[in-house]
Structure formats: structure tokens, C-alpha cells
Amino acid sequence: MSLKYGVLGLLKEQPLHGYEVKNRFEAMLGGTWEVNIGQIYTTLQRLERDGLVRPVGPRGDRGKLLYELSAEGQRALDEWLIQPDSGPQQLHEDIYVKLLLATRIANGNLQEMLARQKRTYLQRLRDLNRLEKRARSEGRVDLARLVRGALLHAEADLKWMDELSSERFEVEATE
Amino acid sequence: MNTELVRLTDVTKVYQGGITGALNGVSVTVEEGEFTAIMGPSGSGKSTMLNLVAGLDRPTSGSVFVRGTDLAKEGEAGLATFRRDHIGFVFQFFNLLPNLTALENVLLPAQLKGNTAKVRAGELLDRLGIAEVADRYPARLSGGQQQRVAMARALVNKPTLLLADEPTGALDTQSGEHVMDLVAQLHREGQTVLLVTHDAKLATRHAERVISVIDGRIVDDARLESPERAPSEVIRVRGEEAAR
């Protein structure tokens, strides 16, 4: 979803070709979201179909087409920008399903499973910390803010594992 | 190269009238030049570990060797000498003496006397960015400044081990980061550091080893890697295809 509006937002700044949209979008996200050019063209075509963007002038060199935001696109963008992010909480549930299955099937060593997971999260925190430091030293404030968000989420994941490892999963599962 | 500095063997610590902070069969070694974080919830025993290594407390059983000396066998005077010669300790609430100036606080434990000590203290204050407040009393210093004075005091005798117990716990985020950056810089110059914290972000930011303590036991001892990774390897913004 946010790719669509990301494209609209970039076109609000100025008319762009597909490749320019791709490059600017990736730069804006600090390299944390790579899109292929096919996705960009598909998105632009859908936006054109829905009347949110329109081509400017004829195709140029090598078939390059410049797009601009339409009045309707402008309205759609404005509306999206003021909407709070809502819907259910997104969660990486893999580890939770693993835990549930381990208690049912094998009565596996949950503490070891949790310990391995915690260690992975610690390494993730380390990687994120280093990325934040690098982003700040390179003056990439947007990326640093994004990494900060990821750090806080990773910290919460770690705390979740701590809580789970202090609970008695085995007992519940055998009832 | 890998010189063992600290060795705890089967250490237990029992406190009368409660189990908070007790240790139950802890064995661990720390090598020279390491930056190790000890993490755990409050009452887990992580501060107890640090106090034992510092010679501020004695184990109920087991042995605590630091630089080949068994601290459990030292008398009070021996421990005091050991602390003075080998330990720099930074506390959460700074523990500065209120009726001494910043400089006097730093000089208090200094072994070298007279001008040599003053020069060393001056260098440290300068390095920690607090030279201009050397003559102020702690009450007239911000939290971050007080902690930096405490760090200078901890470093004045060039300690073998720098121990820090929640050193940013009483500071705002920015002052805390400043203090930790200074600790990290010292580590890069070879200082062995043991940091106690409950903050995983802080621990992983600086330490390459994280020991987790729960209920008086070491439940994990993780050595972290520090590879250069591209942003997309570390963080991926969810990018589902617009399927309509």
C-alpha cells in the first residue's frame, strides 16, 4: 500500500520517469526497501488507470514516459497522509507457533529454543545499533529514525522471549 | 594475547533474610580487553557479580580470581589495596562526596600525589569534557557532568578493570549516550569493561559479549559479531505488492 502512496508523494514533488521513481523511493527509505522496476511500472500503470497520475507529453528516449500527479491523485494522497496507521498489530508469529508446536509434539526443550531466539535478537540489536551509529555519522537522519523504530521493536521481541521463558509452557500443554 | 583477567568458579552468594541479588553457582571468565555486559532483571544478581569482582563483597562459597589473586582469601586491607590498584567503579548515582569539588573528588583515590596526580586528573577532566567545572561542587553539576567526574575518579589510577553498574540509569538519554560513548572510546584504547545493565539496547550498542543472569544463574553467554552490513540486511521495511 505505502508503495502506491510513496509514488504519489514523490510525483507531487515533480514529474518523474519510472526509474527516477524507483531510485528516489529507495533513497528515501535508506536502502531498507528495495523495489524492482517492474513493480514501479505496474504501480504507475494502475495509478494511471485509476486516474491518480497521468503521463506528461509523448514517450521520450527509449520509450521513457514522464508521469505527474493528477488532482484526484493529490486528493488521494492528502487523504492517506492524514489517516493514522491502523488495523491489527503486525507480529512475527513464527517463534510463537514454534513454541506451541514444540510443547504439543515433542515436549522439546523450550528453554533452549527461547535462549537461541534471544541470542538472535541480541545480535539483531547489535546490528541495528551499528547501523544507527553509521546512519547518524553519515548524516542520514531519516534512516537513523527508522532504525530507532526497529531497535525498539527488537527490544520488545527480546522482552517477550524473557516473559515466555519465565512461564511454564510445559504444564499448560499437558493439561 | 588472550589474557584471563577474571575467573569466577562456582560462586554462590547468600544474603540473610532474602534471596534478592543472590548468586547460585556462577562460573565465568573475562579476558583482558573485553567489553562485557551483564544483563538481567532487578534482583537477578547481576550487581552482586560486579561487587564480587570489585572486591566490595565476598562470596559465600566459590572463588573469585582477579589477575590471579583470590579475593575470597584477602583480608579487608588486602581488598582495599586491590580495589585501589585495579578497580575503577562507576555507580548509578555517582557517589561523589558533596563537600569536595569535582577535581578533589577525582584526586581522592589518587595514588600518585602532588603535581603528578593533578596533571593526570586534569587530563582526565579535559578528556571527559568537564575541565571547566573542575572547581565546582557536585550540587552545581548536571547529572551527566557528575557521572563524568565519577568516571574520571574511577580512571585516575589507570584501573585494570572498569566496572559500571547502570551508569546511565540516572541520566537523560543524551547524557547517558555521551557517558557510554566515552566508555566505548576507553575500551577501544584497550580498557577492559564490565557493564551491568537491564537495557538491552545499551548493552548491545557497546558490548561484544552479553551475559544474561536470571535468578542468580547465568542463563546465556552470547558473543556478538560486528560485521558491516547493508541496511537491507539489517532492516527490511515491509513491502507487500500492491495486489489490486
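If you're wondering where the values come from, they're calculated on a predicted model, not measured in any experiment. Every chain is numbered independently, its residues counted from 1 as its sequence is written. Chains carry letters and ligands carry numbers; both start at the beginning, A for chains and 1 for ligands, and go up in the order they are written. Given that the model is predicted, a residue must reach a pLDDT of at least 70 before its local features are reported, and side-chain atom pairs must reach 80 or more before they are shown or counted; all residues, however, enter totals for whole chains, interfaces and linings.

A. Region of interest: the overall build of chain A. Segments assigned H or I by DSSP are reported as helices when at least four residues long, segments assigned E as strands when at least two residues long, and all are numbered from the N terminus. From N to C terminus, chain A includes 8 helices and 2 strands. In sequence order, chain A lays out its α and β elements as α-α-α-β-β-α-α-α-α-α. Note that the radius of gyration is over C-alpha atoms, with the globule rule given as 2.2 Å times the number of residues to the power 0.38. Against the globule reference of 16 Å for 175 residues, chain A gives a C-alpha radius of gyration of 22 Å, more extended than a compact globule. Across its three principal axes, chain A shows a C-alpha extent of roughly 70 × 40 × 35 Å. Out of the 175 residues belonging to chain A, those deemed buried represent 28%. The long-range fraction of contacts in chain A, counting pairs at least 24 apart against all pairs at least 6 apart in sequence, stands at 51%. Counting other C-beta atoms within 10 Å of each residue's C-beta, where C-beta atoms are placed from the backbone, gives the exposure class: buried for 20 or more, exposed for 12 or fewer, partly exposed between. By definition, residue pairs are in contact when their C-beta atoms, positioned from the backbone, come within 7 Å.

B. View of the nonpolar core. Linking buried Ala, Val, Leu, Ile, Met, Phe, Trp, Tyr and Cys residues through C-beta atoms within 7 Å yields a set, and such a set is a nonpolar core. In this structure, B:Val53, B:Val106, B:Ala152 and B:Leu163 are the most contacted members of the largest nonpolar core, which totals 81 residues. Setting aside residues up to four positions removed in sequence, B:Val53 forms contacts with B:Val6, B:Val64, B:Val66, B:Leu161, B:Leu163 and B:Leu194. Of all hydrophobic cores here, the second largest spans 17 residues; its members include A:Leu3, A:Trp33, A:Leu44 and A:Tyr67.

C. Spatial organisation of the domain arrangement of chain A. Domains are outlined according to an automatic or database domain assignment. Partitioning chain A into domains gives domain 1 (2–82) and domain 2 (94–174). Taking the mean C-alpha position of each, domain 1 of chain A and domain 2 of chain A sit 35 Å from one another.

D. Summary view of the sheet that holds strand 7 (residues 161–165) of chain B. All names here are of chain B. When DSSP finds at least two bridges between two strands, those strands are taken to pair. Taken in spatial order, the 6 strands make up an open sheet running 6-7-8-3-9-10, and their pairing is mixed. A strand with exactly one partner marks an edge of an open sheet, and here the two such strands are strand 6 (87–90) and strand 10 (217–223). Ignoring strand direction, the axes of neighbouring strands in this sheet form an average angle of 15°. In terms of strand pairing, strand 6 meets strand 7 through 4 bridges, oriented parallel. Each bridged residue has a counterpart across the sheet, and for Ile87 the counterpart in strand 7 is Leu161. For helices, the fitted axis covers only the stretch in contact; all axes are lines through C-alpha atoms, and the angles between them, taken along N-to-C directions, range from 0 to 180 degrees. Packed on one face of the sheet, helix 5 (residues 143–155) meets strand 6 and strand 7 and runs near 170° to strand 6.

E. Molecular detail of the interface of chain A and chain B. With 32 residues of chain A at the interface, the matching set in chain B holds 22 residues. Contributions of two or more residues to the side of chain A that touches chain B are made by helix 1 (2–13), helix 3 (37–49), helix 6 (110–137) and helix 7 (141–165) of chain A. Among the elements that take part in the side of chain A that touches chain B, helix 6 of chain A stands out by supplying 12 residues, more than any other. Charged residues are taken to be Asp, Glu, Lys and Arg, nonpolar residues to be Ala, Val, Leu, Ile, Met, Phe, Trp, Tyr, Cys and Pro, and polar residues to be all remaining types, Gly included. Tallied by class, residues from the side of chain A that touches chain B come to 16 nonpolar, 7 polar and 9 charged.

F. Up close: helix 4 (residues 114–127) of chain B. Residue and element names in this part refer to chain B. The span expected for a helix works out to 1.5 Å for each residue beyond the first. Taking 1.5 Å of rise per residue, the 14 residues of helix 4 would be expected to cover 20 Å, and the 20 Å separating its terminal C-alpha atoms lies within 8% of that figure. Within helix 4, the full set of buried residues consists of Arg120, Ala121, Leu124 and Leu125. All buried residues of helix 4 project into a common sector of 135° when viewed along the axis, lining one side. Exposed and oriented more than 90 degrees from the buried face of helix 4 are Asn115, Thr116 and Val119. Its buried side turned inward, helix 4 meets helix 3 (102–107) and helix 5. Taken from the residues just after helix 4, Gly129 is the one with a positive phi, measuring 75°. In this context, the arc is that of the directions from the helix axis out to the C-beta atoms.

G. View of the pairing of strand 7 of chain B. Residue and element names in this part refer to chain B. Of all 5 residues in strand 7, 5 are buried; the element is thus mostly enclosed. Of the pairings in the sheet, the one linking strand 7 to strand 8 (residues 192–197) comprises 5 bridges and is parallel in character. Across the sheet, Asp165 pairs through a bridge with Val196, a residue of strand 8. Note on handedness: a clockwise path from strand one over the helix to strand two, with the strands aimed away from the viewer, defines a right-handed crossover. In this fold, the crossover linking strand 7 to strand 8 by way of helix 6 (residues 173–188) has right-handed handedness.

H. Representation of the confidence of the model for chain B in the model. A residue's pLDDT is simply how confident the predictor is in it, with values from 0 to 100. Per-chain confidence: chain B averages 91 in pLDDT, with 96% of residues scoring 70 or above. The ipTM value of the predicted complex is 0.86, and its pTM value is 0.86.

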